Amino acid sequence: MSYETIKVRKLTGGCGAEVLGVDLRQLGNRQWEEVQRAFAEFGVIFFRDQTLEPAEHLAFARRWGPIDINRFFPTVPGHPEIAEVRKEPAQRQNIGGGWHTDHSYDTAPAMGSILLARELPEEGGDTLFASMYGAFDALSDGLKATLRGLKAVHSSKHIFGAEARVYEDPVLKARFRNPEQVGDVVHPVVIRHPLSGREALYVNAAFTVRFDGWSVEDSRPLLDFLYRHAAKPEFTCRFRWRPGSIAFWDNRATWHYAANDYHGERRLMHRITVGGCTLAAAA
Ligand code: SIN
């Protein structure tokens, strides 16, 4: 089905499209219906030149579902529902600098995340996305069948816990909150997406620690294979930000990766995570 009230320009690669000709502060009914359709079709959609105030950012997010506040991230002063994704010139590590999907360590993970660019480096700081539909579809039938029968353990302990070693940068680590609220959950390895009806791979390198019922050591080779496979260029796209750009990604259909290639410069993004997500096993 074509789009009539918005312009949709697919990015090169395995997912993602730019949605042009919209002002997110005043979407008409037909535009809203078509934006929802583009989100379901491409897994991640991008908007340009959206000069949204925090309240307008929140209003757009609430159209999709309830706000799911990230309990670990620092928040924007005065706006506790908006997470701050910030890298300062003196910082070496960034947030999200590895393939992941947001909140998979929660029982009901965030459905989607709406990231708005506030301040950007001169060059770099792109975000990459990978299609978990494309990654799953490209596997052999035998492996697909095996994966459909598996569940995996996702954890926030090794990332946000008091003893976590992943974020070594003391400035960055000190900004995270609630280290005692970490935990483990179990999700299906292959989910059936409620919007598209397609099967998607649901493990990620940041938060998935092992297959349920398997040891970490036994899980490692197959998980590593899946991580290498799903990050192949043909499943990915890369987005170059401008101030006022927005990316809205579906955490059930994509992974993302924040490139950390702009040391010495500031990058400030505002992120709202939208809840209302249940994960149905594909099988
Ligand atoms: C994130 O991982 O949510 C942040 C992505 C980015 O900063 O590009």
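As shown above, the structure is provided for reference.
The next point concerns the pattern of salt bridges. On inspection of all chains with the given rule, the structure shows 23 salt bridges. Here Asp23 and Arg25 are joined by a salt bridge, their closest N and O atoms 3.2 Å apart. When its relative accessible area of 44% is taken as the criterion, Arg25 is described as partly exposed. Taken together, the shared-partner salt bridges in this structure form one network comprising Glu4, Arg30, Glu33, Glu34 and Arg37.

The next point concerns the state of the cysteines. Taken as a whole and judged by the stated rule, the model has zero disulfides. There is no disulfide at Cys15, and the cysteine sulfur nearest it, in Cys237, is 3.9 Å away. Owing to a relative accessible area of 4%, Cys15 belongs among the buried residues under this scheme. Free cysteine Cys277: the closest other cysteine sulfur is in Cys15, separated by 17 Å.

Now for the pairing of strand β3 (residues 44-47). For a regular strand, side chains alternate in direction, first toward one face of the sheet and then toward the other. Burial along β3 is two-sided: Val44 and Phe46 and Ile45 and Phe47, pointing in opposite directions, are all buried. Note that strand β2 (residues 17-20) and β3 share two bridges and pair parallel. Residue Glu18 lies in a different strand from β3, and its bridge partner there is Phe46. Traced from β2 through helix α1 (residues 29-42) to β3, the parallel crossover comes out right-handed. Across four bridges, the pairing between β3 and strand β14 (residues 246-250) is antiparallel.

About the thresholds
Residues numbered from 1 in each chain as written. Predicted model: local features only at pLDDT ≥ 70, side-chain atom pairs only at ≥ 80, totals over all residues. Heavy atoms only, no water. Salt bridge = Lys/Arg side-chain N within 4 Å of Asp/Glu carboxyl O. Buried < 20%, exposed > 50% of the residue type's maximum accessible area, 1.4 Å probe, protein only. Disulfide = S-S within 2.5 Å. Helix = DSSP H or I, 4+ residues; strand = E, 2+ residues; numbered from the N terminus. Pairing = 2+ DSSP bridges. Right-handed = clockwise from strand over helix to strand, strands pointing away.

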